[in-house]
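Results of the structural survey
Listed below are the residues making up each chain.
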Amino acid sequence: MAEGLLSNSQFGSWMSSQWDNWPSFPLVVGITVTVATYYVKYVVKKPLLITGSRSYADFLQRRCPVLVQQYYPTVWCFTSRAHTLICGFIRDLADGKPPSYRQEVLHTPDGGEIHLDWLEHHGNGHHDNRTRPTVIIMPGLTGNSGASYVARLARGAHKQGYRGVVFNNRGTTGVELKSARAYCAANTDDLHLVVGHVKKLYPDAPLMAVGVSLGGIILFNYVAKLGKDCGLMAAMVISVSWNVFEGTRSLEGTVNKTLFNRYLANGLKENLRRNRVVFAQDERVDIDHALQASTILEFDERFTAKVFGYESVNHYYADASPHGKVRRIQTPILCLNAADDMFAPSHCIPTEEVEKNPNIALVLTSHGGHIGFGDWLSPSRDSFMDKLYQQYVNAVFKYGKAEIYREEQDNEEQGRSS
């Protein structure tokens, strides 16, 4: 007891000395208390779960514990832009080299190539190579299997005892294109080819897919287009821009353009510059003009929309936007967004449509930025995104659609018995 009183007394003396010797100390204390109060009151929240199915909601809350816990974004960089930039930068430093992938080249009907990077798992006695569940992983706009967030998804599948395969969009791995075709958010042909290829290799292995940002848009469009014939048990999309028009408009803002838009546009131009010979005879595009683009919108207008045969960039964005296709989803899909994601403005998220479809669930965190979702102390640790992904993949492969659609199955049985 005496030691406790002495300790408190010493602390009081230290505070008093700081107050006297450091004139700005009261200001620092005041700011710290204010930020801490704001963080606890407005930032730390339980994720919002929206779905049109009670059984899907029960399944997620029972099998994905992270959904029933408070989410603490990285406390010292919880604002959207800081979270996006700093979390990504620290993960790149902390994670080091990507996993030791097994590379495969898939040849396409147009003479092109798709590069797949496999992360195999051979040490789990629950599955043999023939039946081991597999996850197709789809990177963002200029990402590939070497990006830290992609490598974490591959490692996450491996950690759960499953096989991961990264589907790199054409031209994003540094290898020159073999045909005059790149990739876009609205075209799902390459994904259809990859899914068919994986299922042919492992016909007895359950298959899921996860897509991040642009990869998530492509995956959502694929599932919406093919319905129950998509070949997947379930899917997950992360940090998807639901309305590409609004997402692009947000990125055209001065700050976002400086921090994100120009950087990504430079990545797109670098891919094109490396492959300009392939498109040299393509009369649809002016390569020099496309290489002068300073934003994603300008690049899409001058190159992407033209190569994929759209009348304009507006027609391309309308075709690519997932928000109008929610009702078409017939395969279980989990969507993760942060309300402060500058790539996906929250007012564009189709929550009302999601509530009408039992096959889709939306998880919305109050903070997290774009592909951020950092842990409250250190972004180098497993993020909220990593945890939810691993728990969801494991739950789907272990318990399947039987639990997701339990309510519907019970209703059908009651209908037959009556």
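Residues numbered from 1 in each chain as written. Predicted model: local features only at pLDDT ≥ 70, side-chain atom pairs only at ≥ 80, totals over all residues. Heavy atoms only, no water.

**What about the packing of aromatic side chains?**
Throughout the structure, instances matching the rule amount to 16 aromatic pairs. Between W118 and Y202, the aromatic rings sit 5.9 Å apart at their centres with planes inclined by 65 degrees, giving edge-to-face as the arrangement. In this pair, W118 is assigned in strand β3 (residues 113-119) and Y202 in the loop between α6 (189-201) and β6 (207-212), connecting sequence segments 84 residues apart. With respect to class, W118 is no different from Y202; both count as buried. Through successive ring pairs, a cluster of aromatic residues spans Y38, Y39, Y42 and F78. The ring of Y399 has R63 sitting right over it, with the charged end atom 3.6 Å from the ring centre. (Phe/Tyr/Trp six-rings, centres within 6.5 Å; stacked < 30°, edge-to-face > 60°. Helix = DSSP H or I, 4+ residues; strand = E, 2+ residues; numbered from the N terminus. Buried < 20%, exposed > 50% of the residue type's maximum accessible area, 1.4 Å probe, protein only. Lys NZ or Arg CZ within 6 Å of the ring centre and 35° of its normal.)

**Some details on the side chain of R181**
Tracing the chain through its elements places R181 in the loop between β5 (163-168) and α6. Once residues within four sequence positions are removed from consideration, R181 is found in contact with D110, R170, N187, D189, D190, F279 and F308. (Contact = heavy atoms within 4.5 Å.)

**Thoughts on the confidence of the model for the chain**
Per-residue confidence for the chain gives a mean pLDDT of 90, with 89% of residues at or over 70. Below pLDDT 50 for its whole length, residues 1-6 participates in zero contacts with residues either more than four positions away or in separate chains. (pLDDT = per-residue confidence, 0-100.)

**Regarding the packing of helix α3 (residues 54-63) against helix α14 (residues 384-404)**
Interhelical geometry of α3 versus α14 gives an angle of 145 degrees and a closest axis separation of 10 Å. Every pair of crossing elements has a handedness; the one defined by α3 and α14 is right-handed. Contact residues: S55, Y56, F59, L60, R62 and R63 in α3; Q391, Y392, A395, V396, Y399, G400, E403 and I404 in α14. The residue inventory of the contact of α3 with α14, partitioned by class, reads eight nonpolar, three polar and three charged. (Axes fitted to C-alpha atoms, helices over the stretch in contact; angles between N-to-C directions. Left-handed = near helix turned anticlockwise from the far one by under 90°. Nonpolar A, V, L, I, M, F, W, Y, C, P; charged D, E, K, R; others polar.)

**Examining the pattern of salt bridges**
Pairing is possible between side chains that carry opposite charge, provided their charged atoms lie close to one another. All chains considered together, the criterion is met by 21 salt bridges. Of the charged contacts, one joins R130 and D204 as a salt bridge, the two residues approaching to 2.9 Å between their closest N and O atoms. Placement of R130 in the loop between β3 and β4 (134-138) and of D204 in the loop between α6 and β6 is noted, with a sequence separation of 74 residues between them. Two residues, R170 and D190, come together in a salt bridge whose shortest N-O distance is 2.9 Å. Linking R170 in the loop between β5 and α6 with D190 in helix α6, this pair joins segments that are 20 residues apart in sequence. Its relative accessible area of 4% is what places R170 among the buried residues. (Salt bridge = Lys/Arg side-chain N within 4 Å of Asp/Glu carboxyl O.)

**Some details on the side chain of N394**
With respect to the secondary-structure elements, N394 resides in helix α14. A relative accessible area of 16% places N394 in the buried class. Only 2.6 Å separates the side chain of N394 from the side chain of Y162, close enough to count as a polar contact. Aside from chain neighbours lying at most four places away, what touches N394 is Q160 and Y162. (Polar contact = N/O pair within 3.5 Å; in protein donor to acceptor, adjacent residues only side chain to side chain.)

**Re α6**
Its 13 residues give α6 an end-to-end C-alpha distance of 19 Å, which sits within 8% of 18 Å, the value for a rise of 1.5 Å per residue. For α6, the set of buried residues is D190, L191, V194, V195, H197 and V198. Along α6, the residues classed as buried sweep out an arc of 165 degrees about the axis, all on the same side. Its buried side turned inward, α6 meets β2 (102-107), β3, β4, β5, β6 and α7 (214-226). (Expected span 1.5 Å × (residues − 1). Arc of directions from axis to C-beta.)

**Concerning the sheet that holds β5**
Across the sheet, which stays open at both edges, the nine strands sit in the order β1-β9-β8-β7-β6-β4-β5-β3-β2 with mixed pairing between neighbours. A strand with exactly one partner marks an edge of an open sheet, and here the two such strands are β1 (48-51) and β2. Recorded for the sheet is a direction-independent mean angle of 20 degrees between the axes of neighbouring strands. By the bridge criterion, four bridges tie β1 to strand β9 (residues 360-365) in an arrangement that is antiparallel. Bridge pairing in β9 links L48 to L364. Packed onto the sheet, helix α5 (residues 148-159) meets β3, β4, β5 and β6 and runs at close to 175 degrees relative to β4. Here α7 sits on the sheet and contacts β4, β6, β7 (234-238), β8 (333-338) and β9; the angle it forms with β6, its principal contact strand, is near 135 degrees. (Pairing = 2+ DSSP bridges.)

**Some points on the nonpolar core**
One finds I136, L219, F220, L232, W242, F303 and Y316 to be the most contacted residues of the largest nonpolar core, which totals 71 residues. If you tally residues by element for this core, the top one is α7, at eight residues. With near-sequence residues (within four places) excluded, W242 lies in contact with F220, S321, P322, H323, V326, C335, N337, C348, I349, P350, I360 and L362. (Core = buried A, V, L, I, M, F, W, Y, C linked by side-chain atoms within 4.5 Å.)

**Some words on the environment of V66**
Checked against the element boundaries, V66 lands in the loop between α3 and α4 (80-95). For V66, a relative accessible area of 6% puts it in the buried group. The contact partners of V66, leaving out residues within four places of it in the chain, are P47, F384, K387, L388 and Q391.

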